[in-house]
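As a plain string of letters, each chain reads:
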Amino acid sequence: MAAANERSFFLKDDGQIPNNPYLPVIVYQAVFNDNPNGIEETFNRHNWTGSWSDGILGYHHYHSNTHEVLGVKSGQATVLLGGDAGERVDLKAGDVILLPAGTGHKLVEGSEDFEVIGAYPEGTSPNMKEKDPAGRAQALQDIRNVPVPETDPVYGDTGPLLRKWVK
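These numbers come from a predicted model, not from an experiment.

Trainee: Can you help me understand the sheet that holds strand β6 (residues 87-92) in this one?
Mentor: The pairing of strands in a sheet happens through backbone hydrogen bonds and is either parallel or antiparallel. Reading across from one edge, β6-β5-β8 is the order of the three strands in this open sheet, with antiparallel pairing throughout. Edge positions in the open sheet fall to β6 and β8 (105-110), since each of these has one partner strand only. The average undirected angle you get between the axes of adjacent strands in this sheet is 30°.

What follows is the structure, encoded as structure tokens:
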């Protein structure tokens, strides 16, 4: 595993997508450049399980009941985080993005071979939320109640999650 060039940022609630007021998005750039096929095994070893392999949905959605980690196994893509006025992030094979509960995400464009491995702390089964004013109060409550994971999906007992995700 390569040393990651990492960055983090907060996303504001845009009135439609709540995002997460307490925890930042963390992007680990090029962390799996040497071994993109090791992403799933690494996530699972650090207790981020319930893993799957596919693309990213092409519409804004979020999970109010769990955090999500996405590791790019192949290809490249631009993902929009946080809603229509959110932040565009360019991802390529070997990158990982850690999304706190409530963070809106959607695929803007991706290469033909774009594939991510997704996983959740302790294999929590994610709910699927979209822009929904009627469910907003409950979603905000759920986001507040999602615990901070005990391990970083990439580094385990060390790593940026343990430094930056403090409620």
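Trainee: What should I look at first to understand the environment of G75 in this one?
Mentor: Inspection of the secondary structure puts G75 in the loop between β4 (68-74) and β5 (76-81). The buried category is assigned to G75, whose relative accessible area is 19%. Counting along the chain gives 59 residues from G75 to A134, while the straight-line C-alpha distance between them is 37 Å. G75 has contacts with K92, A93, S111, D113 and F114, leaving out every residue within four places of it along the chain.

Trainee: I tried to follow the pattern of salt bridges on my own but got confused; where do I start?
Mentor: Pairing between side chains of opposite charge can happen when their charged atoms approach one another. Across all of its chains, the model carries seven salt bridges by this definition. K131 serves as the salt-bridge partner of D84, at 3.2 Å between the closest nitrogen and oxygen. In this pair, D84 is assigned in the loop between β5 and β6 and K131 in the loop between β9 (115-121) and α2 (136-145), connecting sequence segments 47 residues apart. For D84, a relative accessible area of 55% gives the class exposed. One salt-bridge network, in which partners are shared between bridges, spans E6, R163 and K164.

Trainee: In this structure, what is going on with the sheet that holds strand β3 (residues 48-54)? I would like to understand it.
Mentor: Spatial ordering of the open sheet is given by β1-β2-β7-β4-β9-β3, a layout of six strands whose pairing is antiparallel. Edge positions in the open sheet fall to β1 (5-9) and β3, since each of these has one partner strand only. Across the sheet, the mean angle separating the axes of adjacent strands is 15° when strand polarity is ignored. The sheet contact formed by β3 and β9 spans five bridges and is antiparallel. Across the sheet, residue S53 finds its bridge partner in β9, namely I117.

Trainee: For this particular structure, what's the right way to read the side chain of T66?
Mentor: Its location among the elements puts T66 in the loop between β3 and β4. Relative accessible area serves as the criterion here: at 2%, T66 is assigned to the buried category. Not counting residues within four places of it along the chain, the set of residues in contact with T66 comprises A101, Y120, P121, T124, P126 and V146.

Trainee: Would you mind going over the pairing of β4 with me for this structure?
Mentor: The two faces of the sheet receive side chains in turn, since in a regular strand these alternate between them. The buried fraction of β4 is high, at six of seven residues. Relative to strand β7 (residues 96-99), β4 runs antiparallel, the two being bridged by four bridges. In the sheet register, L70 faces β7, and the bridge partner there is I97. Pairing analysis gives five bridges linking β4 to β9, with the strands arranged antiparallel. When the bridges of β9 are listed, L70 appears paired with G118.

Cut-off values and rules
- Residues numbered from 1 in each chain as written.
- Predicted model: local features only at pLDDT ≥ 70, side-chain atom pairs only at ≥ 80, totals over all residues.
- Heavy atoms only, no water.
- Pairing = 2+ DSSP bridges.
- Helix = DSSP H or I, 4+ residues; strand = E, 2+ residues; numbered from the N terminus.
- Axes fitted to C-alpha atoms, helices over the stretch in contact; angles between N-to-C directions.
- Buried < 20%, exposed > 50% of the residue type's maximum accessible area, 1.4 Å probe, protein only.
- Contact = heavy atoms within 4.5 Å.
- Salt bridge = Lys/Arg side-chain N within 4 Å of Asp/Glu carboxyl O.

Structural measurements only, silent on function.
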